[in-house]
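The residues making up each chain are set out below.
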Amino acid sequence: MKLKAEVCTLVLLPVYLLMFVYSTLTFLPWYFFTNAKKRKAMAKRIKAKPVSEKIGSPYRSICNFDSLATIDIPGADTLDKLFQHAVAKFGKKDCLATREILSEENEKQPNGKVFKKLILGEYKWQSYEEVNTRVNHLGSGLAALGLKPRSTVAIFCETRAEWMITAQACFKYNFPLVTLYATLGEDAVVYGLNESGATHLITSSELLETKLKCVLSQVCNIKHVIYVGKKINTSNYPADLEIHNLEEVEELGAKPENLNNPPNRPLPTDLAVVMYTSGSTGIPKGVMMIHSNLIAGMAGQCERIPGLGYVVMDGFGLNAIVYAQFDLLRHLNMLTARAVCFYFNTVIGLNFWSLVCFLSLQSSKIKKGSKGDCSVLRPTLVAAVPEIMDRIYKNVMSKVQEMNVFQRTLFKLGYDYKLEQIKKGYDAPLCNVILFKKVKALLGGNVRMMLCGGAPLSPQTQRFMNICFCCPVGQGYGLTETCGAGTITEVSDYSTGRVGAPLICCEIKLRDWLEGGYTNEDTPHPRGEIVIGGQNVSMGYFKNDEKSLEDFYVDDNGQRWFCTGDIGEFHPDGCLQIIDRKKDLVKLQAGEYVSLGKVETALKNCSLIDNICAYANSHQSYVISFVVPNQKKLTSLALQNGMEGTWEEICNNPTMEAEVLKEIKEVASSMKLERFEIPIKVRLSPDPWTPETGLVTDAFKLKRKELKNHYLTDIERMYGGK
């Protein structure tokens with residue numbers, strides 16, 4: 001073994017020297033004249049600053065320091081006008097795409113379950129003009145079915161092109177759009193539909209025949225159900241409920257007597273969206289956004305994301321940037337991002353299945369052997385939640401561990417070398433070509449920028465994405481209540497753990513939270529609860545004045561503010577870092593405060609852990625945890641310990657719990673967690689936490705109340721010593 005290692009070192013030494021010489025010779029002129037020097041200067045410059053010297057003063061971007069941006073495209077002050085600008089400008093260019101389904105097959109799993117698998121073809125594109133025609137026909141058809149301007153229409157549907165077409169139709173005809181996540185539970189769906197008072201519901205045939213079939217009898221106001229997808233038998237539904245296929249509604253709207261009736265166009269102050277967010281606690285809340293809220297949020301996002309207006313040639317030969325997103329369409333920040341993409345001819349590929357499985361880069365619904373979406377779409381701009389990026393990181397690193405000694409050592413040398421170059425403001429093109437080309441190809445090979453939001457991204461994962469996918473990874477921070485807009489890191493900022501400076505549409509201040517020990521006078525940086533103000537702040541919660549008064553307020557200058565509940569810290573250059581959350585802070589029996597979010601972020605670096613929820617009871621002196629283990633790694637570890645059995649048996653084995661706790665302690669020590677922050681007991685879950693289980697939100701944020709109820713017996717065991 002020693003001889004083998006020495007031989008590998010001798011072989012790798014000239015390769016490493018070659019990489020060093022090549023990069024040095026290539027980038028020495030660049031350092032003196034162009035990008036590296038500029039990028040270093042950009043990274044160090046002030047990006048935002050307080051509006052006054054008063055302690056606790058709001059921070060604003062230096063780009064729009066004197067006034068906040070409220071609109072990006074002159075004249076486009078509503079969402080329908082924004083889209084009409086795009087149609088006039090791009091016409092026959094590609095706009096939306098859906099991947100063709102060639103056939104479906106039932107596939108039996110080893111555990112006996114049968115899954116439906118799809119065999120897929122290529123993406124089929126619709127131009128701006130074609131999408132606009134469908135928008136006009138659908139809006140006219142909804143009006144013909146009795147929908148009046150300023151009357152709400154609900155959409156409960158999976159991600160697909162028809163979702164965006166429906167949204168644009170509602171914006172144009174001034175039908176406030178009520179959005180419900182397709183993964184919401186039945187009770188939440190009934191609550192949202194009844195509270196919103198919607199009379200028209202747009203859904204899919206799949207959801208209509210499953211979730212909705214059981215609950216429609218509990219909904220008071222729905223008179224028309226319009227579904228997307230295959231034709232279904234409507235005879236089993238209530239007689240007073242009119243059920244239509246979406247194509248039939250478009251055909252109805254295309255009739256001259258209906259199409260010739262002009263739409264009642266919205267004003268900037270009209271309600272555009274009521275978004276029911278599952279949230280991490282309590283019943284869903286309907287967040288109200290008027291058109292001007294969304295337009296302001298887009299103005300902020302557009303200024304910070306580079307290249308949206310830059311014409312590139314991709315693998316399709318399209319004169320546009322291709323945008324792919326591995327989150328769900330219902331999230332508001334992605335709705336606004338798509339509207340921006342529409343204007344800049346950033347074509348969008350949509351499917352109706354859920355998250356991409358990044359190990360094979362294809363959905364769990366796609367039959368093995370079919371190309372994953374990224375391989376076909378080859379996007380240049382990718383957005384994802386941290387959960388997805390963590391999966392990519394762990395899966396790739398797992399593959400690295402399976403390499404032989406030579407390959408593994410070469411990868412590590414190249415990784416460390418490029419890491420040092422990035423810190424200095426350079427790149428390492430030889431490493432990109434030799435070592436990271438295959439990794440980059442997992443996302444199609446054309447990715448120029450990645451965006452991450454929804455939760456903090458660990459520095460380790462962010463740096464991995466920077467290096468192996470050969471592109472900047474920007475973090476953003478925003479909430480449904482702020483139209484998804486808050487902060488986004490600049491493309492030149494390669495620092496980790498931060499979410500960037502305030503966008504040009506809003507200002508951010510920190511409010512002292514004395515109970516948690518966070519104040520604006522903290523050193524070395526001010527800290528406190530993040531409060532966001534600007535035109536992008538929503539109008540409050542639908543029919544929930546009490547909660548609206550609790551979370552929103554208007555100051556003496558007429559500025560509207562939202563209190564996020566997140567704890568932030570401003571760095572000297574004006575960039576924000578999320579360090580805690582008020583609801584995540586628990587006081588232990590001995591008086592120590594534990595930030596559960598901080599513990600979870602640190603322990604997600606464990607190779608044996610796919611997901612983790614830390615839990616603490618104020619009447620107890622220690623932290624416990626629930627863990628979704630990495631099946632491949634834990635199964636391998638079980639075999640090393642002489643254990644055999646089903647996955648459930650492995651997860652329920654005390655020896656495996658002890659092994660996971662052992663790694664938790666090692667990682668916690670390396671991440672410098674305090675002794676009282678480290679979980680001392682663990683429950684391993686054989687089933688992953690997905691939005692469908694109700695244990696996490698659509699952004700994969702933990703639902704602590706639901707997780708507590710789900711593991712109540714285990715909590716009693718771990719705290720009771722049974």
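Remember, predicted model here, so these are calculated numbers, not experimental data.

Observations concerning unusual backbone geometry
Leave glycine aside and you will find that most residues have negative phi; peptide bonds, for their part, are mostly trans.
Step number 1: With an omega of 5°, the peptide bond between Thr-523 and Pro-524 qualifies as cis.
Step number 2: Here Pro-524 shows up in the loop between β21 (506-511) and β22 (527-534).
Step number 3: The backbone phi angle of Lys-543 is positive, close to 55°, even though this residue is not glycine.
Step number 4: Position of Lys-543 relative to the elements: it lies in the loop between β23 (540-541) and α19 (545-551).
Step number 5: Taking relative accessible area as the criterion, Lys-543 reaches 59% and is therefore assigned exposed.

Overview of the pairing of strand β5 (residues 153-156)
Step number 1: A two-sided burial pattern is seen for β5, the buried positions comprising Val-153 and Ile-155 on one face and Ala-154 and Phe-156 on the other.
Step number 2: With four bridges joining them, β5 and strand β6 (residues 177-180) adopt parallel strand pairing. If you follow Phe-156 over to β6, its bridge partner there is Leu-180.
Step number 3: The parallel pair β5 and β6, bridged by helix α5 (residues 161-173), forms a crossover whose chirality is right-handed.
Step number 4: With four bridges joining them, β5 and strand β7 (residues 200-204) adopt parallel strand pairing. Residue pairing across strands places Ala-154 opposite Leu-201, the latter belonging to β7.

Observations concerning the sheet that holds strand β31 (residues 681-684)
Step number 1: Reading across the sheet, the three strands line up as β29-β30-β31 and stay open at both edges, with mixed pairing between neighbours. Both outer strands of the open sheet, β29 (609-616) and β31, are each paired with one neighbouring strand and no more. Taking the axes of each pair of neighbouring strands and ignoring which way they run, one obtains an average angle of 25° across the sheet.
Step number 2: Of the strand pairs in this sheet, strand β30 (residues 623-629) and β31 are connected by four bridges, and their pairing is parallel. Among the inter-strand pairings, Ser-625 is bridged to a residue of β31, identified as Val-682.
Step number 3: Against the sheet, helix α23 (residues 654-670) contacts β29, β30 and β31, and its axis sits at roughly 120° relative to β31.

Quick look at the sheet that holds β7
Step number 1: As summarised here, the arrangement of the eight strands in space is β9-β8-β7-β5-β6-β10-β11-β23, forming an open sheet in which the pairing is mixed. Strands with a single pairing partner mark the edges of an open sheet, and in this sheet they are β9 (242-245) and β23.
Step number 2: Pairing analysis gives six bridges linking strand β10 (residues 271-277) to strand β11 (residues 285-290), with the strands arranged antiparallel. Counterpart to Leu-271 in the pairing with β11 is Ile-290.
Step number 3: Against the sheet, helix α9 (residues 246-254) makes contact with β8 (224-228) and β9, and its axis sits at roughly 85° relative to β9, the strand it touches most.

Some thoughts on the side chain of Asp-566
Step number 1: Here Asp-566 shows up in strand β25 (residues 560-570).
Step number 2: Reaching out from Asp-566, the side chain makes a polar contact with the side chain of Tyr-477 at a distance of 2.7 Å.
Step number 3: Polar side-chain contacts of Asp-566 include one of 2.7 Å to the side chain of Arg-581.
Step number 4: The contacts of Asp-566, once residues within four sequence positions are left out, are Tyr-477, Leu-479, Gly-528, Glu-529, Ile-530, Asp-580 and Arg-581.

Here's the deal with the packing of aromatic side chains
Step number 1: If you walk through the whole model with that rule in mind, you get 17 aromatic pairs.
Step number 2: Ring centres 5.4 Å apart and planes at 70° place the aromatic pair Tyr-541 and Phe-552 in the edge-to-face group. A residue pair is termed long-range when its members are at least 10 positions apart, and Tyr-541 in strand β23 and Phe-552 in strand β24 (residues 552-554) qualify at 11 residues.
Step number 3: According to the relative accessible area criterion, Phe-552 is buried, its value standing at 5%.
Step number 4: Seen from their ring centres, Phe-626 and Tyr-711 are 4.6 Å apart, and the 20° between their planes marks the pair as stacked. Placement of Phe-626 in strand β30 and of Tyr-711 in the loop between α24 (704-710) and α25 (712-720) is noted, with a sequence separation of 85 residues between them.

Some words on the pattern of salt bridges
Step number 1: For the structure on display, the rule yields 28 salt bridges.
Step number 2: In this structure, Arg-160 and Glu-162 form a salt bridge, with 3.2 Å as the shortest nitrogen-oxygen distance. In this structure, Arg-160 and Glu-162 share a single accessibility class: buried.
Step number 3: Within this structure, Lys-47, Asp-493, Arg-498 and Asp-573 form a network of salt bridges that share partners.

A look at the confidence of the model for the protein chain
Step number 1: Taken over all residues, the pLDDT of the protein chain has a mean of 84, while the share at 70 or more is 84%.
Step number 2: Under a pLDDT of 50 for its full length, residues 309-321 has, in the predicted model, 32 contacts with residues more than four places off or in other chains.
Step number 3: Segment residues 350-363: pLDDT under 50, and 56 contacts once partners within four positions in sequence are set aside and those in other chains are kept.

A short note on the environment of Gln-559
Step number 1: One can find Gln-559 in the loop between β24 and β25.
Step number 2: A relative accessible area of 15% places Gln-559 in the buried class.
Step number 3: Taking the C-alpha atoms as reference points, Gln-559 and Gly-534, 25 residues apart in sequence, are found 6.3 Å from one another.
Step number 4: Contacts of Gln-559, omitting those with residues within four sequence positions, involve Leu-68, Glu-507, Gly-533, Gly-534, Gln-535, Tyr-553 and Val-554.
Step number 5: One polar contact links Gln-559 to Glu-507, side chain to side chain, over a distance of 2.8 Å.

Re the nonpolar core
Step number 1: Counting residues in each nonpolar core, the largest one holds 84 residues, and the members touching the most others are Met-450, Phe-469, Leu-634 and Trp-689.
Step number 2: For Met-450, the contacting residues outside a window of four places in its chain are Val-382, Met-389, Leu-443, Met-465, Phe-469, Cys-471, Pro-472, Val-473 and Gly-474.
Step number 3: Grouped together as the second largest cluster of nonpolar side chains are 70 residues, Val-87, Ala-161, Ile-165 and Met-289 included.

What to know about helix α6 (residues 186-196)
Step number 1: Along α6, the positions that sit buried rather than exposed are Ala-188, Val-189, Val-190, Gly-192, Leu-193, Glu-195 and Ser-196.
Step number 2: Turning to α6, the residues buried within the fold contact β5, β6, β7, α8 (211-215) and β10.
Step number 3: In the stretch just after α6, Gly-197 is the one whose phi turns positive, near 70°.

Regarding the side chain of Arg-498
Step number 1: Topologically, Arg-498 is positioned in the loop between β19 (487-488) and β20 (501-502).
Step number 2: Side chain to side chain, Arg-498 and Ser-495 meet in a polar contact 3.2 Å long.
Step number 3: Beyond its immediate sequence surroundings of up to four residues, Arg-498 is in contact with Gln-475, Thr-489, Asp-493, His-571, Asp-573, Cys-575, Leu-576 and Gln-577.

Considerations on the packing of helix α3 (residues 79-90) against helix α4 (residues 128-144)
Step number 1: Orientation of α3 relative to α4, taken along the N-to-C sense of each, is 140°, at an axis distance of 9 Å. It follows that α3 is oblique to α4 by the angle criterion. Both α3 and α4 take part in a crossing whose hand is left-handed. Listed contacts from α4 to Phe-83, Gln-84, Ala-86, Val-87 and Phe-90 of α3 are Tyr-128, Val-131, Asn-132 and Val-135.

Definitions and cut-offs
Residues numbered from 1 in each chain as written. Predicted model: local features only at pLDDT ≥ 70, side-chain atom pairs only at ≥ 80, totals over all residues. Heavy atoms only, no water. Helix = DSSP H or I, 4+ residues; strand = E, 2+ residues; numbered from the N terminus. Buried < 20%, exposed > 50% of the residue type's maximum accessible area, 1.4 Å probe, protein only. Pairing = 2+ DSSP bridges. Right-handed = clockwise from strand over helix to strand, strands pointing away. Axes fitted to C-alpha atoms, helices over the stretch in contact; angles between N-to-C directions. Contact = heavy atoms within 4.5 Å. Polar contact = N/O pair within 3.5 Å; in protein donor to acceptor, adjacent residues only side chain to side chain. Phe/Tyr/Trp six-rings, centres within 6.5 Å; stacked < 30°, edge-to-face > 60°. Salt bridge = Lys/Arg side-chain N within 4 Å of Asp/Glu carboxyl O. pLDDT = per-residue confidence, 0-100. Core = buried A, V, L, I, M, F, W, Y, C linked by side-chain atoms within 4.5 Å. Parallel < 35°, antiparallel > 145°, perpendicular 65-115°, else oblique. Left-handed = near helix turned anticlockwise from the far one by under 90°.

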